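Now for the letters of each chain:
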Amino acid sequence: MMVLHGASGSPFVRKVQVALAIKALPFEQVQQMPFTRDEEYRKINPLGKIPALQDGELTICDSTVICEYLEDAYPQVPLYPAESADKAKARWLEELGGSRVAELAAGIFFQRFMRPMVLQQEPDEELVAKIIDKQLPTILDYLEAQVPAQGFIFGEFMMADMSLISPFVNAAYAGYEVDAQRWPVFASFIARVKAHPVVSEVLTAEAAAMGMS
Ligand SMILES: N[C@@H](CCC(=O)N[C@@H](CS)C(=O)NCC(=O)O)C(=O)O
């Protein structure tokens, strides 16, 4: 059986949990925390980041690499579009979700949740205000134009949908919701992706694992 290393609640681990669930692939999860000095885990991922996946002899790291591997090895229920222009767009949106969007939206979570709960540090509320008031609006203006008013980006639910909303799940744990007056299309898109039956099941289990339910 595959082994997923990573704590529930990580926006990156969540992507892999959803991909595995959509493809109906059984796996065992090792609740590996990020920011650990665990030398054993460094043998799995020298960067110390989560997630990592073991599938038989293969060990791979990085949520995008893992999800692309799952797509290639287990093509049932596609999570990436087939056509080249769509595929390029999907890759870009996944990259954006895992870089600037995660840096900002999951950054709010990092300050308000990870710092006090895990790192025993005070949150930097000045930085949180800068993210919410100055940095996120530019990205949200862009995302508002990228996602559809109904359904998912490529018709069927795919990784691009999940990658864009995953950091906002974390932001919501930290008390931040996208303003539906200002960004109605993206706010309703987040709600729609969260309500997808598989995503919703993953989120329910995650909230329980994090003591947030
Ligand atoms: N590009 C990586 C990013 C993974 C990542 O940054 N994970 C965070 C947890 S959400 C982590 O492990 N951070 C610990 C660190 O940066 O040392 C991916 O997509 O998997």
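What counts and how
- Residues numbered from 1 in each chain as written.
- Predicted model: local features only at pLDDT ≥ 70, side-chain atom pairs only at ≥ 80, totals over all residues.
- Near = placed C-beta within 6 Å.
- Helix = DSSP H or I, 4+ residues; strand = E, 2+ residues; numbered from the N terminus.
- Buried ≥ 20, exposed ≤ 12 C-beta atoms within 10 Å, placed from the backbone.
- Core = buried A, V, L, I, M, F, W, Y, C linked by C-beta atoms within 7 Å.
- Domains from an automatic or database assignment.
- Contact = placed C-beta atoms within 7 Å.
- Pairing = 2+ DSSP bridges.
- Right-handed = clockwise from strand over helix to strand, strands pointing away.
- Axes fitted to C-alpha atoms, helices over the stretch in contact; angles between N-to-C directions.
- Nonpolar A, V, L, I, M, F, W, Y, C, P; charged D, E, K, R; others polar.

Enquirer: What is the right way to look at the site of the ligand in this model?
Expert: Residues in close proximity to the ligand total 13 residues, the closest being Ser10, Phe12, Pro34, Lys49 and Ser63. Elements with a contribution of two residues or more to the shell around the ligand: helix H1 (11–22) and helix H3 (63–73).

Enquirer: How should the environment of serine 99 be read in this particular structure?
Expert: Within the secondary structure, serine 99 sits in helix H4 (residues 84–117). What makes serine 99 exposed here is the crowd of 10 C-beta atoms within 10 Å. As a C-alpha pair, serine 99 and proline 167 span 68 residues in sequence and 9.9 Å in three-dimensional space.

Enquirer: Please clarify how the nonpolar core should be interpreted in this entry.
Expert: Soluble globular proteins tend to bury their nonpolar side chains together. If you look at the biggest cluster of nonpolar residues, it comprises 52 residues, and the most contacted ones within it are Val16, Ala19, Ala105, Met158, Met159 and Ala160. For this core, the elements supplying multiple residues, two or more each, are H1, strand E3 (52–55), H3, H4, helix H5 (125–146), helix H6 (159–173), helix H7 (184–195) and helix H8 (197–209). Among the elements that line this core, the one with the most residues is H4, at twelve residues. Summarising the domain contributions, this core has at least three residues from each of domain 1 (2–73) and domain 2 (84–209). Contact partners of methionine 158, with chain neighbours within four places excluded, come to Leu79, Tyr80, Pro81, Ala90, Phe152 and Ile153.

Enquirer: Just to check I follow, could you spell out the pairing of strand E1 (residues 2–5) for this structure?
Expert: Looking along a regular strand, one sees the side chains alternate between the two faces of the sheet. Looking at chain direction, E1 and strand E2 (residues 27–30) are connected through four bridges and run parallel. Looking across to E2, one finds that valine 3 is bridged to glutamate 28. With H1 bridging E1 and the parallel E2, this β-α-β connection has right-handed handedness. As paired strands, E1 and E3 are joined by three bridges and run antiparallel to one another. When the bridges of E3 are listed, valine 3 appears paired with glutamine 54.

Enquirer: Explain the sheet that holds E3 to me, please; I cannot follow it from the model alone.
Expert: Sheet strands pair via backbone hydrogen bonds, and the direction of the pair is either parallel or antiparallel. On the basis of which strands lie adjacent, the open sheet formed by four strands has the order E2-E1-E3-E4 and mixed pairing. Pairing within the sheet leaves two strands with one partner each, and these edge strands are E2 and strand E4 (58–61). Mean inter-strand twist for the sheet, computed between neighbouring axes without regard to direction, equals 20°.

Enquirer: Before we go on, may I ask you to explain the domain arrangement of the chain in this structure?
Expert: It is common to report an interface's size as the accessible area lost on association of the parts. When cut into domains, the chain gives domain 1 (2–73) and domain 2 (84–209). Between domain 1 and domain 2, the C-alpha centre-to-centre distance is 20 Å. The partner domain 2 presents 18 residues to the 15 residues of domain 1 that form the contact. Mapped onto the side of domain 1 that touches domain 2, the elements with two or more residues apiece are H1 and H3. Here the side of domain 1 that touches domain 2 gets nine residues from one element, more than from any other, and that element is H1. In terms of residue class, the side of domain 1 that touches domain 2 is made up of eight nonpolar, five polar and two charged.

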